[in-house]
Protein chains: 2
Amino acid sequence: MSRIAYVNGAYVPHRQACVHIEDRGYQFADGIYEVWAVQNGKLIDREGHFTRMDRSLSELQITKPMSHASLMPVLHEIVRKNRVKDGLVYLQITRGVSPRDHPFPKNVRPSIVITAKSLNAQKAEQFAGKGVAVATMRDERWARCDIKSVSLLPNILAKQAAKEKGAYEAWMVDQTGMVTEGSSSNAWIITKDGVLVTRNLSTEILGGITRERVLMLAAERQLTVKERAFSVAEAKEAREAFMTSSINLVTPIIRIDEKAVADGKPGPMACALRKDYLQSAAT
Amino acid sequence: MSRIAYVNGAYVPHRQACVHIEDRGYQFADGIYEVWAVQNGKLIDREGHFTRMDRSLSELQITKPMSHASLMPVLHEIVRKNRVKDGLVYLQITRGVSPRDHPFPKNVRPSIVITAKSLNAQKAEQFAGKGVAVATMRDERWARCDIKSVSLLPNILAKQAAKEKGAYEAWMVDQTGMVTEGSSSNAWIITKDGVLVTRNLSTEILGGITRERVLMLAAERQLTVKERAFSVAEAKEAREAFMTSSINLVTPIIRIDEKAVADGKPGPMACALRKDYLQSAAT
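These figures come from a predicted structure and were not determined experimentally.

## Some points on the nonpolar core
Piece 1. Ranked by internal contacts, the top residues of the largest apolar core, which has 77 residues, are A:Val89, A:Leu91, A:Ile114, B:Val89, B:Leu91 and B:Ile114.
Piece 2. Every residue in contact with A:Ile114, bar those within four places of it in the chain, is listed here: A:Ala5, A:Tyr6, A:Leu71, A:Val74, A:Leu75, A:Ile78, A:Val89, A:Tyr90 and A:Leu91.

Structure below.
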């Protein structure tokens, strides 16, 4: 089966899907994106991603190319056309095509690209079941990490550096030694005292949609939760650690740099929250 | 006349020139660029831009898609095909097309795009002759501004903010109150004592090719030059201020925020250095 992409109003074969070389997304990283997890053909947290999408567009003063009501059938159609049962939907909106010049162009139509792809749900569970390692490194990103922009060069460099260190994810560390977040995920620990900690929202981290859902699930479990910064040292002494993202859902972290987290096995609460997530998303 | 672009080995009509939606330049800002000024059909500082291009590619571990020897005829051909006498050549290289995933893909062929466009040299002289205003603002960029990457979202936001304040360029200010550089130019002042000052090279600024040439011209004029940081306050009390870039060459700055620089007219040394630049580039 050949994949289908949605590009500026048309469904096109993925292989031929292209954008103009003067799309500001290509020349300036002048755009935003969202990724929805798809489970059993259903988009998870559809509204939450819409809300964040609107916020990112608004922060960059990019005109919304379509209403949620118009976008919805496209998202569902791209899932259907690509026969995605479990996987993800990727949406990217850029300021549009305009002769290269830094200031915002006038009367430009934003570009929109939507793709979908299948992921093997069983393999994902096996992967998460083993837990992953993270490598800590300096957070080199810009000052507005709360905007989900495609200006992701620092993120991919961090992810690559982590990979080269044998880790799956990078945990980025600010100038005061505190973890901000992962290169494409939010960072969590359960302290020695059993407190669930994740960094408070600010311009320094992305407000994860999965993060929001996990906070809700933690409340349902009546866990003690603190939204605050934590240091690398505190994380290394934690009872558990895990990451959240639309793609990795809740994934246990078993090693931070060279230090095993607790006994080096996926933490029971991280595993429980992943189960909660899958269950709550399915309903 | 319709414009022609060079895209991955082919000369194509500019209007139809496109790249794949999964080009990492589009999804991750995973690429670099260079801009050459063209004067009288000649590329200015051809070698300097090549050297910087190589450095940017190397820092990002992107494979060089073509040797300088192979690139050279393409640059000249794109100038010829677009009949550019005075203007610029834009070159962009990205890591290439690969299914979206943060770490570097293996065995991917880098993408290369080259365009050229004419600029009105007479108008450019008139523009520079009047001088421009700059607006200062917080430098929100990432920690590796020495790489000429397309991860330019902070830069365009700064340029737009400057425009909305009635200025032509943004001067970005670090956490210690010192000017780093413009959103697409290097920043210079001539102090009350007649010392030419521009920020020293580091990961915080781009090593401008025009900056290099102007340093050379200043040496020829036996000016006292200091490569060091300067504050907004020092700049506002300066005898002269100007900016340099491949597009704006040497352009006098007559206002910084609400403060006129000296008598609010283009500084004589900035004007002299611009003349020097045009002359030296022509030879």
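## Remarks on the pairing of strand β1 (residues 4-7) of chain A
Residue and element names in this part refer to chain A.
Piece 1. Residues Ile4 and Tyr6 point to one face of β1 and Ala5 and Val7 to the other, with burial holding for every one of them.
Piece 2. Pairing between β1 and strand β2 (residues 10-13): four bridges, direction antiparallel. Counterpart to Ile4 in the pairing with β2 is Pro13.
Piece 3. The loop that links β1 with its antiparallel partner β2 comprises two residues; one of these, Asn8, has a positive phi angle of about 50°.

## What about the side chain of B:Arg274?
Residue and element names in this part refer to chain B.
Piece 1. Structurally, Arg274 is set in helix α8 (residues 268-282).
Piece 2. In terms of polar contacts, Arg274 uses its side chain to reach the backbone carbonyl oxygen of Val250, at 2.8 Å.
Piece 3. Discounting residues that sit within four places of it in the chain, Arg274 has contacts with Ala124, Glu125, Ala128, Asn248, Leu249, Val250 and Thr251.

## Let's talk about the interface of chain A and chain B
Piece 1. Contacts between chain A and chain B engage 57 residues on the former and 58 residues on the latter.
Piece 2. Across the chain A/chain B interface, buried area totals approximately 4,800 Å², and carbon plus sulfur atoms make up 62% of it.
Piece 3. The tally of links from chain A across to chain B stands at zero salt bridges.
Piece 4. Across the contact surface, chain A and chain B share 22 residue pairs in polar contact (both at pLDDT 80 or more).
Piece 5. Counting residues per element, the ones that place at least two in the side of chain A that touches chain B are β1, β3 (18-20), α1 (24-28), β6 (87-94), β7 (111-118) and α5 (153-164) of chain A.
Piece 6. Per-element accounting of the side of chain A that touches chain B gives the leading share, nine residues, to α5(A).
Piece 7. Here the side of chain A that touches chain B is composed, by residue class, of 23 nonpolar, 17 polar and 17 charged.
Piece 8. Note that β3(A) and strand β3 (residues 18-20) of chain B share three bridges and pair antiparallel. In the sheet register, A:Val19 faces β3(B), and the bridge partner there is B:Val19.

## Quick notes on the domain arrangement of chain A
Residues and elements named next belong to chain A.
Piece 1. Annotation of chain A at the domain level lists domain 1 (4-119) and domain 2 (125-282).
Piece 2. Tallying the contact residues gives 22 residues for domain 1 and 20 residues for domain 2.
Piece 3. When residues of domain 1 are sorted by the area they lose upon contact with domain 2, Tyr33, Gln39 and Arg52 head the list and together hold 32% of the total.
Piece 4. Linking domain 1 with domain 2 are three salt bridges, by the criterion used here.
Piece 5. Of the charged contacts in the structure, one is a salt bridge between Arg55 and Asp146, with a shortest N-O distance of 2.8 Å.

## Some remarks on helix α8 (residues 268-282) of chain A
Piece 1. Helix length check: α8(A) (15 residues) gives 21 Å between terminal C-alpha atoms against 21 Å at 1.5 Å per residue, within 8%.
Piece 2. Burial in α8(A) covers these residues: A:Met269, A:Ala270, A:Ala272, A:Leu273, A:Arg274, A:Asp276, A:Tyr277, A:Ser280 and A:Ala281.

Conventions we followed
Residues numbered from 1 in each chain as written. Chains lettered and ligands numbered in written order. Predicted model: local features only at pLDDT ≥ 70, side-chain atom pairs only at ≥ 80, totals over all residues. Heavy atoms only, no water. Core = buried A, V, L, I, M, F, W, Y, C linked by side-chain atoms within 4.5 Å. Buried < 20%, exposed > 50% of the residue type's maximum accessible area, 1.4 Å probe, protein only. Contact = heavy atoms within 4.5 Å. Helix = DSSP H or I, 4+ residues; strand = E, 2+ residues; numbered from the N terminus. Pairing = 2+ DSSP bridges. Polar contact = N/O pair within 3.5 Å; in protein donor to acceptor, adjacent residues only side chain to side chain. Buried area = accessible area lost by both parts, 1.4 Å probe. Salt bridge = Lys/Arg side-chain N within 4 Å of Asp/Glu carboxyl O. Nonpolar A, V, L, I, M, F, W, Y, C, P; charged D, E, K, R; others polar. Domains from an automatic or database assignment. Expected span 1.5 Å × (residues − 1).

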